Amino acid sequence: MKNPPRLMPLGLAVITSALAMAPIKGWAIANWARKYNVDCATCHSPAVPRLNEFGHQFRKMGYRMDTEIQAGKPEAYKEIGNFLSVRFRTGYAAERFSDLQTAGNGFNSFRTRNGFRAPDVTVFYSGALTKNLSLFTEIEVADVDETELQVFGEWFSGNPDHYFTARIGQMHTLSRIGWAGFDRPTGITTPDALAAAKLTTSPVSFSVGADQRGVDLAYSFTPESRAIVGVYNGVNQQGSGIAGNGAGFGDNDNAKDVLVAFEQMLAESGFTLFGYYGTWDQAAGTVVNGVPLPDNNKFTEFNFLRAGATASWVFNLFDPKTVGSSELQAGYMFAKDFYPKSYPIGPAFDGKDRNGQAFWIGVEQRLPHSSAVFYRYDHVSRSNEASGGERQRHALGAVYTYEQYLRLSLEGFYYDQNSDSFGGLLQAMFNY
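Residues numbered from 1 in each chain as written. Predicted model: local features only at pLDDT ≥ 70, side-chain atom pairs only at ≥ 80, totals over all residues. Heavy atoms only, no water.

A. Quick look at the overall build of the protein chain. Within the protein chain, the regular secondary structure consists of six helices and 18 strands. Taken across its 432 residues, the protein chain has 49% of its residues classed as buried. Across the protein chain, the fraction of contacts at a sequence separation of at least 24, relative to all contacts at a separation of at least 6, is 60%. A total accessible area of about 19900 Å² is found for the protein chain, and carbon and sulfur atoms account for 60% of it. (Helix = DSSP H or I, 4+ residues; strand = E, 2+ residues; numbered from the N terminus. Buried < 20%, exposed > 50% of the residue type's maximum accessible area, 1.4 Å probe, protein only. Contact = heavy atoms within 4.5 Å. Areas by Shrake-Rupley, 256 points an atom, 1.4 Å probe, with all protein chains shown as cover.)

B. Representation of the pattern of salt bridges in the model. Counting across every chain of the model gives 16 salt bridges. Between glutamate 138 and arginine 87 there is a salt bridge, and its shortest N-O distance comes to 3.9 Å. Taken as a pair, glutamate 138 in strand β3 (residues 133–143) and arginine 87 in strand β1 (residues 84–101) lie far apart in primary sequence, 51 residues in all. Taken as a pair, glutamate 138 and arginine 87 share a single burial class, namely buried. Salt bridges linked by common partners bring Arg87, Arg89, Asp120, Glu138 and Glu140 together as one network. (Salt bridge = Lys/Arg side-chain N within 4 Å of Asp/Glu carboxyl O.)

C. Just the environment of serine 205, in detail. Locating serine 205 in the fold gives a position in the loop between α5 (192–195) and β6 (212–222). A relative accessible area of 13% means that serine 205 is categorised as buried. Along the sequence, serine 205 and serine 240 sit 35 residues apart, while their C-alpha atoms lie 8.6 Å from each other. The residues touching serine 205, leaving out its near neighbours within four places in the chain, are Ala197, Lys198, Val235, Gln237, Gln238, Gly239 and Trp280.

D. Focus on the packing of aromatic side chains. Under the defined criterion, the tally for this structure stands at 26 aromatic pairs. Here phenylalanine 206 and phenylalanine 304 contribute two aromatic rings whose centre-to-centre distance is 4.7 Å and whose plane-to-plane angle is 40 degrees, an arrangement assigned as tilted. Residue phenylalanine 206 is located in the loop between α5 and β6, and its partner phenylalanine 304 is located in strand β12 (residues 301–315); the two are separated by 98 residues in the primary sequence. Residue phenylalanine 206 is classed as buried on the basis of its relative accessible area of 1%. Residue classification places phenylalanine 304 among the buried positions, given a relative accessible area of 0%. Where tyrosine 219 meets phenylalanine 221, the ring centres are 5.1 Å apart and the plane angle is 80 degrees; that geometry is what we call edge-to-face. Assessed through its relative accessible area of 34%, tyrosine 219 is described here as partly exposed. Grouping aromatic residues by their ring pairs yields a cluster made of Trp32, Tyr36, Phe58, Tyr63, Phe124, Phe136 and Phe152. (Phe/Tyr/Trp six-rings, centres within 6.5 Å; stacked < 30°, edge-to-face > 60°.)

E. Just the pairing of β1, in detail. Pairing between β1 and strand β2 (residues 110–128): 13 bridges, direction antiparallel. Counterpart to serine 85 in the pairing with β2 is phenylalanine 124. Strand direction decides the pairing type here: β1 and strand β18 (residues 421–431), joined by eleven bridges, are antiparallel. By the bridge assignment, tyrosine 92 is partnered in β18 with leucine 426. (Pairing = 2+ DSSP bridges.)

F. Quick look at the side chain of histidine 44. Locating histidine 44 in the fold gives a position in the loop between α2 (31–36) and α3 (53–60). Within the local environment of histidine 44, its side chain forms a polar contact with the backbone oxygen of proline 49, the two atoms lying 3.3 Å apart. From its side chain, histidine 44 meets the backbone oxygen of arginine 50 in a polar contact 3.1 Å long. (Polar contact = N/O pair within 3.5 Å; in protein donor to acceptor, adjacent residues only side chain to side chain.)

G. Broad picture of α3. The buried count for α3 comes to six of eight residues, which makes it a mostly enclosed element. Along α3, the residues that are buried comprise Gly55, His56, Gln57, Phe58, Arg59 and Lys60. Tucked inside the fold, the buried residues of α3 contact α2, β4 (146–159), β5 (162–171), β6, β7 (225–232) and β8 (257–266). The residue sitting at the N-terminus of α3 and contributing the capping side-chain oxygen is asparagine 52; that oxygen lies 3.2 Å from the backbone nitrogen of phenylalanine 54. Positive backbone phi, approximately 75 degrees, marks glycine 62, located one or two places after α3.

H. Layout of unusual backbone geometry. Of note, the amide linkage connecting serine 45 to proline 46 takes the cis form, showing an omega dihedral of 0 degrees. Structurally, the position occupied by proline 46 is in the loop between α2 and α3. The amide bond that connects valine 48 to the next residue, proline 49, takes the cis arrangement and shows omega of 10 degrees. Topologically, proline 49 is positioned in the loop between α2 and α3. Although it is not a glycine, alanine 180 sits at a positive phi angle of roughly 60 degrees. Among the structural elements, alanine 180 can be located in the loop between β5 and α5. According to the relative accessible area criterion, alanine 180 is buried, its value standing at 5%.

I. Looking closely at the pairing of strand β13 (residues 326–338). Where β12 lies against β13, 13 bridges are found, and the strand directions are antiparallel. By the bridge assignment for β13, alanine 311 is matched with alanine 330. Pairing analysis gives 13 bridges linking β13 to strand β14 (residues 353–367), with the strands arranged antiparallel. Note on β14: the bridge partner recorded for serine 326 is glutamine 365.

J. Up close: the nonpolar core. Leu259 and Phe274 are the most contacted members of the largest nonpolar core, which totals 38 residues. Those elements that place two or more of their residues in this core are α5, β7, β8, β9 (269–281), β12, β13 and β14. It is β9 that provides the largest number of residues to this core, a total of three residues. Excluding anything up to four places from it in sequence, phenylalanine 274 contacts Leu174, Phe182, Val208, Leu259, Val260, Ala261, Arg306, Ala307, Gly308 and Met333. The next biggest cluster of nonpolar side chains, apart from the first, holds five residues, and it includes Ala93, Ile188, Phe413 and Tyr415. (Core = buried A, V, L, I, M, F, W, Y, C linked by side-chain atoms within 4.5 Å.)

What follows is the structure, encoded as structure tokens:
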């Protein structure tokens, strides 16, 4: 199934056009919108949760307005609603495969799968506490037995023209809080280059988008330019940076991972340069080519590198007063995994390093009423593999904000990989 069904793009085009033309009565309101008495469009574009230039500056300064910094203190604490916000998400997903999917992991064999997605509820309690200190707390309950926590303290020092920040805790690293591709996506899914845990054919399970425990330091030379350095525990054997392995640490070794990045804002456009170097340990006892791995770093400890760049260009293809701005966005990620010195690689492998690369390119048209339509193409290429090393993904969708609190998202996709598939995602997000 190398050609996607012809009716899917046509159907999505009709639906997204209908969403764009639907009436709207107001904007979504969250805790900072209440605190500063502004609507959410002040910081978000084209729709919540993606940030515009003003919103990203607010986030970089520890959730402060530049007027608060100049005054030497944050806005006075008035009520809990200025710091507390709640988000609820749910939806529906459907996918059709070209080949029968074999039974496993508690499922019978299937070719089509569909159903309502597990809802999640997230509570935020965040904001600037003093002239220098900020707190960010996010508790997400995704299922009865799945709770995620993001909490960190942040120190701010300087003025709006150049300043220093330090974060420590459990947090997003750069994905989801960066700029020009590293912010949250306009649609539902994140590009594979940032979300995928397997960019090479090695056993290393690492995603750039994984939450981590650690500390990062950032210095803004100007309001538009900043450099970032982070030191983190790293991810465990399953690819989690926040799981409680061992004595409560996320990783199962003592090595620390390092992130470096440079971010340049160009009004609503810009670019980000990124590098991440880390260590990952495969579980001792894992059988490789008939040999159980001994509990020795020479057999289990992998080093890995992820490096790349993202960029966006926001421009006015149409009259911005009637339609909205347009955007081109692209990103590239290079991956390299280094095998342990004594890893029992068999003769079928051609060396001890594994390379991979991924990129995406997308186009977006923003529309009135805090809505947008978009298309994105993802490509992942994993070398050192005889077959199935490449996969491609096409995503077409729309977002629309209804009344004050509800964001509706629709995303259709087509995967070209070992077992091709196509389908769609529908999501409702309530913010208050």
